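Residue-level listing of the chains:
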Amino acid sequence: MTITFASYNIQYGKGQDGLYDLERIAREVEAADVIAMQEVATGFARNDFIDQGAWFAARLNRHMVFGATYDVDASFTDEAGRVVNRRRRFGNAVFSRFPIRSTRTLPLPFLPPADQQDVQRCAVEAVIDLPGGPIRIYSIHLSHLAPVTRIPQIEALKAMVASAPRDGMAWANGRDDDWTEGWAEPAPPEPCILFGDFNLRPDGPEYPMLVGDATHRPGRVAVRGQFADSWVLAGHAEMSGHTMAQWKGQEGARIDYALLHPALVPAFRAARIGTEAEGSDHLPIFLDLDLG
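Residues numbered from 1 in each chain as written. Predicted model: local features only at pLDDT ≥ 70, side-chain atom pairs only at ≥ 80, totals over all residues. Heavy atoms only, no water.

**What about the nonpolar core?**
- Counting residues in hydrophobic clusters, the biggest one holds 51 residues, and the most contacted among them are F5, I128, I137 and I193.
- If we skip the residues at most four places from it in the chain, I193 touches F5, I135, R136, I137, Y138, L259, L260, L264, L287 and L289.
- In terms of nonpolar packing, the next biggest core, distinct from the first, is built from 23 residues, L157, V161, A164 and M209 among them. (Core = buried A, V, L, I, M, F, W, Y, C linked by side-chain atoms within 4.5 Å. Buried < 20%, exposed > 50% of the residue type's maximum accessible area, 1.4 Å probe, protein only. Contact = heavy atoms within 4.5 Å.)

**Regarding the confidence of the model for the chain**
- For the chain, the mean per-residue pLDDT works out to 89, and 89% of the residues sit at or above 70.
- Under a pLDDT of 50 for its full length, residues 215-222 has, in the predicted model, twelve contacts with residues more than four places off or in other chains. (pLDDT = per-residue confidence, 0-100.)

**As for the pairing of strand β6 (residues 87-96)**
- Within β6, seven of the ten residues are buried, which leaves it mostly tucked inside the rest of the structure.
- In the sheet, strand β2 (residues 34-42) pairs with β6 via seven bridges, with the strands oriented antiparallel. Looking across to β6, one finds that V34 is bridged to S96.
- Bridge analysis of strand β3 (residues 63-73) against β6 gives ten bridges, and the strand direction is antiparallel. Residue pairing for β6: D71 is matched across the bridge by R89. (Helix = DSSP H or I, 4+ residues; strand = E, 2+ residues; numbered from the N terminus. Pairing = 2+ DSSP bridges.)

**Concerning the environment of F110**
- Along the chain, F110 turns up in the loop between β7 (100-107) and β8 (122-130).
- Residues F110 and P152, 42 residues apart in the sequence, show an inter-C-alpha distance of 8.6 Å.
- Beyond its immediate stretch of four places on either side in the chain, F110 contacts D118, V119 and Q120.

**Details of the packing of aromatic side chains**
- Evaluated as defined, the whole model comprises nine aromatic pairs.
- Here F44 and Y70 contribute two aromatic rings whose centre-to-centre distance is 6.1 Å and whose plane-to-plane angle is 20°, an arrangement assigned as stacked. Here F44, found in the loop between β2 and α2 (52-60), pairs with Y70, found in strand β3; they are 26 residues apart in sequence, far enough to count as distant.
- The exposure class of Y70 is partly exposed, given its relative accessible area of 22%.
- Three or more aromatic residues joined by ring pairs make a cluster, and in this case those are Y12, Y20, F44, Y70 and F90.
- Over the aromatic face of Y12 sits the side chain of R46, whose NZ or CZ is 3.6 Å from the ring centroid.
- One Lys or Arg, R86, reaches over the ring of F49 and ends 3.8 Å from the middle of that ring. (Phe/Tyr/Trp six-rings, centres within 6.5 Å; stacked < 30°, edge-to-face > 60°. Lys NZ or Arg CZ within 6 Å of the ring centre and 35° of its normal.)

**As for the sheet that holds strand β9 (residues 133-141)**
- Strand order in the open sheet formed by six strands is β7-β8-β9-β10-β16-β13, and the pairing between neighbours is mixed. Looking at the sheet topology across the chains shown, the edges are occupied by β7 and β13 (228-229).
- One ladder, built from two bridges, connects β13 with strand β16 (residues 256-260); its direction is antiparallel. Bridge pairing in β16 places A228 opposite L260.
- Against the sheet, helix α3 (residues 147-167) contacts β7, β8, β9 and β10 (192-197), and its axis sits at roughly 155° relative to β9. (Axes fitted to C-alpha atoms, helices over the stretch in contact; angles between N-to-C directions.)

**Details of helix α1 (residues 22-29)**
- Here α1 lies mainly inside the structure; six of its eight residues are buried.
- Elements in contact with the buried residues of α1: β1 (2-9), β2, α2 and β18 (285-290).

**Remarks on the side chain of R150**
- By secondary structure assignment, the location of R150 is in helix α3.
- The contact partners of R150, leaving out residues within four places of it in the chain, are L142, S143, H144, L145, F198, N199, L200 and E206.

**Examining the pattern of salt bridges**
- Enumeration according to the criterion identifies 16 salt bridges in this entry.
- A salt bridge links D78 to R82; its shortest N-O distance comes to 3.5 Å.
- For D78, a relative accessible area of 23% translates into the label partly exposed.
- Exposure remark for R82: the relative accessible area of 54% places this residue in the exposed category.
- Among the salt bridges present, the one from R104 reaches E125, with a minimum N-O distance of 2.6 Å. In this pair, R104 sits in strand β7 while E125 sits in strand β8, placing the two residues 21 residues apart along the sequence.
- We classify E125 as buried; its relative accessible area is 0%. (Salt bridge = Lys/Arg side-chain N within 4 Å of Asp/Glu carboxyl O.)

**Section: unusual backbone geometry**
- One non-glycine residue, Y12, adopts positive backbone phi at about 45°.
- Mapped onto the elements, Y12 comes out in the loop between β1 and α1.
- Its identity as a non-glycine residue notwithstanding, D48 has a phi of 55°, on the positive side.
- Locating D48 in the fold gives a position in the loop between β2 and α2.

Listed below in structure tokens is the structure:
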């Protein structure tokens, strides 16, 4: 069974034309079975206070999890003097045709220089019950500033991803029905996929921290080391393609990735960039895997 994944930094709904249009974004990725999104917002005046995660879940008819480490007060007092609780949140989401058995929001190191603006970043982890068995995916958004801010985030991310199968998911060794309510413990599978806006190009110093060497031979692809860049597995050069038209004054930057655990490389079928999309300053990326 071929499962199509997508990853899209939606820039809180703001398109290349400067207009906010969630419906346009939904159309651009609705064919995918599993969608990782970054820069998903709720409680912002610029978005009419829409809960974008809930909006996309309803529009796409998907299971959804949302995690944010940017979470600040947006409450107010109404005319009757009652406090109306509202949070301004900015983070990552996962949408899936299949049940999401467990999720965690993993804060990443936050070390911006004193004179530069940034926000607290995170990775949202989701264990999804695919028909062929569970898979673990991450929706990730790293700092936009510089390698010095991203390298600690990558180091922490790799450690958390590696330890997840040992850590368990929402609970471990659970036998108390007050917590399990009859559900089996969510399986923390070893194979996983890292999706998201990494804010780095393949020629940056952070890329080798994530991606192992890939060699292409007739009829097979061998991956040694860490994660496999799906774009490269599809036969493209590392520096080819772009997921942003402009990035740090450079044209044609590929900074969004779908990185595969080596165990998933035999399942790889295709990868592409949605070059026709206009719903964000980023372009969506797509990945097809044969997962039984």
